[in-house]
Amino acid sequence: MPVMVASDLDRTLIYSAAALALTMPDARAPRLLCVEVHESRPLSYMTETAARLLTELADSAVFVPTTTRTRKQYLRINLPGPAPEYAICANGGHLLVDGVSDADWHRRVTDRVAGECAPLAEVREHLLRTADPAWVRKHRVAEDLFAYLVVERELLPGDWVKELAVWAENRGWTVSLQGRKLYAVPKPLTKSAAVREVARRTGADLVLGAGDSLLDADLLLAVDRGWRPGHGELADTGWTAPGITALPERGVLAGERITREFLGAAARTPR
């Protein structure tokens, strides 16, 4: 019985220094492994124990990194274990097979977005016009598929976010706030659709998943069993669903717990 593990990366399996949430005394802190370097600086980490567990997972499951990151951002991550055959980037806009985007899949996604949603240019213009430079640090477009802002979270008006969400909803887009990034993403651009496609290709009978943000909700609804950490949008809103376990751990220790749960569930599955 093939097992597939589709997991979000940032703040689920890997963590920036700011997101580690190491609240224990320094002498009791877990040993960390750097898994991403950007511009010659360490950027993302997991515990050494999580790294070992993820390596072991390759013996019992097909591991599929599933991220909102662009392909370029994903490919600078150096996860332990064998290189994944499949990876999902740009929130499902790109399905990588051995590191190369599947052109047919990308065309299917973009055709659906074009037919069901307001153009990216319209959304970006609205963001540029309504977002206050006092709390916006960067405007970005990812893979010509969606837009996001890097903001000063403490200065960001909650009413503006709510108004943007309503405006976007009426145009076939959704809004998600993750840390210092505010995403505007077309509704058909989902991790779940790409996960189902990989499950079809691999013949997986059991799909496991994990994620922390509202953009991961559809992913978790598409898997057979899932986990969410004690931090993030899903935890903050109390989101849950059948088959989803809400973990108490926060920060990098949540990533270790999630990896342990993946390995345990995969190892218990008859093969």
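Residues numbered from 1 in each chain as written. Predicted model: local features only at pLDDT ≥ 70, side-chain atom pairs only at ≥ 80, totals over all residues. Heavy atoms only, no water.

A word on the pairing of strand β3 (residues 32-38)
We apply this condition: Two strands qualify as a pair provided that DSSP identifies no fewer than 2 bridges between them. By the criteria applied, helices consist of DSSP H or I runs no shorter than four residues and strands consist of E runs no shorter than two, each listed in order from the N terminus.
Looking at chain direction, β3 and strand β4 (residues 41-47) are connected through six bridges and run antiparallel. Counted as the bridge partner of Leu32 is Thr47 from β4. Hairpin connection of β3 to β4: two residues between the antiparallel strands, including Glu39 at a positive phi of 55°.

Re the nonpolar core
Here is the rule we go by: In this text, buried Ala, Val, Leu, Ile, Met, Phe, Trp, Tyr and Cys residues form a nonpolar core when linked through side-chain atoms within 4.5 Å. Exposure categories follow from relative accessible area, calculated using a 1.4 Å probe and restricted to protein chains: below 20% of the type maximum is buried, above 50% is exposed, and the middle band is partly exposed. Any two residues having at least one pair of non-hydrogen atoms within 4.5 Å are treated as being in contact.
Core analysis: the largest hydrophobic core is formed by 55 residues, its most contacted members being Met4, Leu127, Phe146, Leu156, Trp160, Trp173 and Leu182. By residue number, the principal contributor to this core is strand β10 (residues 146-151), which donates six residues. Ignoring sequence-local partners within four residues, the contact set of Phe146 consists of Thr68, Ala90, Leu120, Arg140, Val141, Trp173, Tyr183, Ala184, Val185, Pro186 and Leu189. Counting residues in hydrophobic clusters, the runner-up holds 30 residues, among them Val5, Leu9, Leu54 and Cys89.

Observations regarding the layout of surface pockets
It is the rolling of a water-molecule-sized probe over the atoms that shows where space remains empty. Heads up, the condition is: For cavity detection a 1 Å grid was placed over the protein atoms alone, and a set of points counts as a cavity when a 1.4 Å probe fits there but cannot get out; an open set counts as a pocket when protein lies on both sides within 12 Å along at least five of seven lines, with lining residues being those that have an atom within 4 Å of a point. Grid points are joined across faces, edges and corners, and a volume is the space filled by probe spheres set on the points. Residue polarity follows a fixed list, in which Ala, Val, Leu, Ile, Met, Phe, Trp, Tyr, Cys and Pro are nonpolar, Asp, Glu, Lys and Arg are charged, and the others, Gly among them, are polar.
The calculated volume of the largest pocket comes to roughly 1100 Å³. Lining the largest pocket are 35 residues, with Asp10, Leu43, Arg69, Lys181 and Tyr183 sitting closest to its centre. Those elements giving two or more residues to the lining of the largest pocket turn out to be β2 (15-16), β3, β4, α2 (71-75), β9 (136-142), β10 and β12 (181-186). Per-class residue counts for the lining of the largest pocket are ten nonpolar, ten polar and 15 charged. In terms of lining, the second largest pocket is formed by 22 residues, of which the most central are Arg153, Leu177, Gly232, Glu233 and Asp236. If you list the elements that add at least two residues to the lining of the second largest pocket, you get α5 (158-169), β11 (173-178) and α8 (233-236). Looking at which element gives the most residues to the lining of the second largest pocket, the answer is β11, with four residues. Within the lining of the second largest pocket, the residues separate by chemical class into seven nonpolar, eight polar and seven charged.

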